[in-house]
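Reading the structure
Residue strings, one per chain:
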Amino acid sequence: MSDWRPSAPLVNLNERAVLLAQLRAFFSDRAVLEVETPVLSQATVPDPGIEVFPVHAAGSEATPRYLQTSPEFAMKRLLAAGAGDIYQISKAFRQGEAGRHHNPEFTLLEWYRVGWDHAALMREVAELLSAVLGSKGWQVWPYRALFIELLDIDPMADGDSSAVPESWLSVARTRLGDVPQDLDRDAFLDLLMSHCIEPTLEGWGVVFVTDFPPSQAALARKTRVAGHTVAARFECYVQGRELANGYWEQSDALSLAEQLEADNVRRKYRQLPERPIDQRLLAAHEQGLPECAGVALGVDRLLALKLGVDSLAEVISFAWPVA
Amino acid sequence: MPNFSTNEFKPGLKVMLDGEPCSILENEFVKPGKGQAFNRVKLRNLKSGRVWERTFKSGDTLEGADVMDVDLEYSYTDGEFWHFMDPSTYEQYGADRDAVGDAEKWLKEQERYEITLYNGSPLAVTPPNFIELEITETDPGLKGDTAQGGSKPATLSTGAVVRVPLFITEGEVIRVDTRTGEYVSRASKG
């Protein structure tokens, strides 16, 4: 017989409804406007770490549309149009991301604060977590300090070289045994972050990792901190679980265009299909994106943390294998 | 054999790693918030039985291993090989000591065993969970002692030694759990 039952216990779905109401009340109290943007768009992100689902419409349109991997681009167009502080709770889709803590279709809470930087936004994320999870306090760790503290590795050393230093290889081999070949410098840092650092953060409560290497800026602006150029970005971890990703947004149109083109070059290098550049996003940036900070937070993971369960299938009505 | 990508790695899939046939036990998708995704994979080396843990870049591939499980009947041993037969085709397979391993003490003629074939040759022998064997040697039991729950060693026709209740006597056929090596019951009659 077919496996038709929900993957989550009904009581957890009840908790999901409670959480969604709580999130909406949080933003309503702070006068942040709820918005909806299209899930299917003509352009998409060229980020080589994200694979999109193309959708082929019958007949009228020759090119596919793309299921959003986050509502970022459309929300930035609203910001450029003067929408002010906005938030959205929507489905996002990423191919191949299936596992205990990933579902290719997931629920994302994304919000933007006009006139704020990432430090101010981190505080608001911590307040939201305190309201939902009852967490008390939080820690902020610069990316570099965290690597030095936990692995005795300086991720910013020899910053111009693209080669992986021998000392990093030996740390990874000691902890993980064999490691994948042909990883570039950033992919290697990702390996250390996800396999060696994240598990350590489990007992640390709410942790913000900030000031990322500039090569991992994505669409965050770059600033100088203590003699190093860093990306004004943060990742929020709760009990070692990656929960949210925030930026002090890059508002310069030229830098944005360069970043998107560079992502497409990296896709080409990795033999991935290139993506159409979002010309409407670029036009919005030329018009002027206000100074702002934005963050995306995984709602399914937040609920799993709130309920103390270790698998997203337990908080999603029909998880990927039975969807 | 076809290649399999990390997103096709499921428990039970047989793949080649470092030239050895392996069975996948677990596959965990790991990704930092942004950037490179990985798969942390646990595999059992089917030759050594050892469990390996490896990290792959998501999208990496491994060649499938030509491994399959078949049910074969045990025939005899010549001391070097243990010979099994496919009862439908009468095809013979010789398993060496490494392949037979701990299953040796449960080998009974005409009984069926699960044989793991790698490139057509036996790699491992798995006995059925329960097997019925005759007791060839055990001390006489004490009459009227059935309720005490005591036990004594008994040697079976295959050479295996198991502990049985005191009332069990030589020549009786008993049912044994091959996974634990424990007595289960007297064999069912007929």
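The rules behind the values
- Residues numbered from 1 in each chain as written.
- Chains lettered and ligands numbered in written order.
- Predicted model: local features only at pLDDT ≥ 70, side-chain atom pairs only at ≥ 80, totals over all residues.
- Pairing = 2+ DSSP bridges.
- Helix = DSSP H or I, 4+ residues; strand = E, 2+ residues; numbered from the N terminus.
- Axes fitted to C-alpha atoms, helices over the stretch in contact; angles between N-to-C directions.
- Contact = placed C-beta atoms within 7 Å.
- Parallel < 35°, antiparallel > 145°, perpendicular 65-115°, else oblique.
- Nonpolar A, V, L, I, M, F, W, Y, C, P; charged D, E, K, R; others polar.
- Domains from an automatic or database assignment.
- pLDDT = per-residue confidence, 0-100.
- Buried ≥ 20, exposed ≤ 12 C-beta atoms within 10 Å, placed from the backbone.
- Arc of directions from axis to C-beta.
- Core = buried A, V, L, I, M, F, W, Y, C linked by C-beta atoms within 7 Å.

A few words on the sheet that holds strand S14 (residues 161–165) of chain B. Residues and elements named next belong to chain B. Across the sheet, which stays open at both edges, the five strands sit in the order S14-S13-S12-S15-S16 with antiparallel pairing between neighbours. Every interior strand has two partners, whereas the edge strands, S14 and strand S16 (182–186), have only one. When strand polarity is set aside, the average angle formed by the axes of neighbouring strands in this sheet is 55°. With four bridges joining them, strand S15 (residues 173–177) and S16 adopt antiparallel strand pairing. In the strand pairing of S16, Arg-175 is matched with Ser-185.

Think of interface size as the accessible area that goes away when the parts come together; that is how it is often given. In this assembly, 19 residues from chain B lie in contact with 25 residues from chain A. Only strand S3 (20–30) and strand S5 (51–57) of chain B provide two or more residues apiece to the side of chain B that touches chain A. With five residues, S5 of chain B is the single largest residue contributor to the side of chain B that touches chain A.

This part is about the packing of helix H7 (residues 253–269) of chain A against helix H8 (residues 279–288) of chain A. Residue and element names in this part refer to chain A. With their axes 8 Å apart at the nearest point, H7 and H8 run at an angle of 155° to one another. With respect to their mutual orientation, H7 and H8 come out roughly antiparallel. For the pair formed by H7 and H8, the contact residues are Ala-253, Leu-256 and Ala-257 on the first element and Leu-282, His-285 and Glu-286 on the second. Split by residue class, the contact of H7 with H8 holds four nonpolar, one polar and one charged.

Next up on the list: the domain arrangement of chain B. Residues and elements named next belong to chain B. The domain architecture assigned to chain B consists of domain 1 (3–63), domain 2 (67–126) and domain 3 (130–186). For domain 1 versus domain 2, the distance between C-alpha centres works out to 28 Å. At the junction of the two partners, domain 1 supplies four residues and domain 2 supplies five residues. Counted by class, the side of domain 1 that touches domain 2 contains two nonpolar, no polar and two charged residues.

Quick look at the environment of Arg-301 of chain A now. Residue and element names in this part refer to chain A. Along the polypeptide, Arg-301 turns up in helix H9 (residues 299–307). For Arg-301 and Val-315, which are 14 residues apart along the polypeptide, the C-alpha to C-alpha distance reads 8.4 Å. Once residues lying within four places of it in the same chain are set aside, the contact partners of Arg-301 are His-101, Arg-241, Leu-243 and Leu-312.

So, on to the sheet that holds strand S3 (residues 54–55) of chain A. Residues and elements named next belong to chain A. Read across the open sheet, the three strands follow the order S2-S4-S3; overall the sheet is antiparallel. Here the strands that pair on one side only, and so sit at the sheet edges, are strand S2 (40–41) and S3. Sheet topology note: the S3/strand S4 (residues 65–67) ladder contains two bridges and is antiparallel. Following the sheet pairing, Val-55 is matched in S4 by Arg-65.

What follows deals with the confidence of the model for chain B. When pLDDT is averaged across chain B, the result is 91; 94% of the residues are at 70 or more. ipTM for the predicted complex: 0.87, alongside a pTM of 0.83.

Residue and element names in this part refer to chain A. Buried within H8 we find Leu-281, Ala-284 and His-285. One face of H8 carries all of its buried residues, which in axial projection span an arc of 100°. Structural note: H8 exposes Gln-279, Ala-283 and Gln-287 on the side pointing more than 90 degrees away from its buried face. In this structure, the buried residues of H8 make contact with helix H2 (72–80) and H7.

Before going further, it helps to spend a moment on the environment of Trp-141 of chain A. Relative to the helices and strands, Trp-141 of chain A is located in strand S7 (residues 139–142). Between the C-alpha atom of Trp-141 of chain A and that of Gln-95 of chain A, which follows or precedes it by 46 residues, the distance is 31 Å.

Membership of the largest hydrophobic core comes to 94 residues, with the highest contact counts inside it found for Val-125, Leu-192, Val-207, Val-209, Ala-220, Cys-236 and Leu-297 of chain A. Setting aside residues up to four positions removed in sequence, Leu-297 of chain A forms contacts with Leu-109, Leu-243, Ala-244 and Leu-302 of chain A. Counting residues in hydrophobic clusters, the runner-up holds 22 residues, among them Leu-107, Val-125, Ile-131 and Val-164 of chain B.

Turning next to unusual backbone geometry. Even without a glycine there, the phi angle at Asp-152 of chain A is positive, about 60°. Residue placement: Asp-152 of chain A occurs in the loop between helix H4 (143–151) and helix H5 (166–176). What makes Asp-152 of chain A exposed here is the crowd of 9 C-beta atoms within 10 Å. The backbone of Gln-110 of chain B shows a phi angle near 70°, a positive value even though the residue is not glycine. For Gln-110 of chain B, a count of 9 C-beta atoms within 10 Å puts it in the exposed group.

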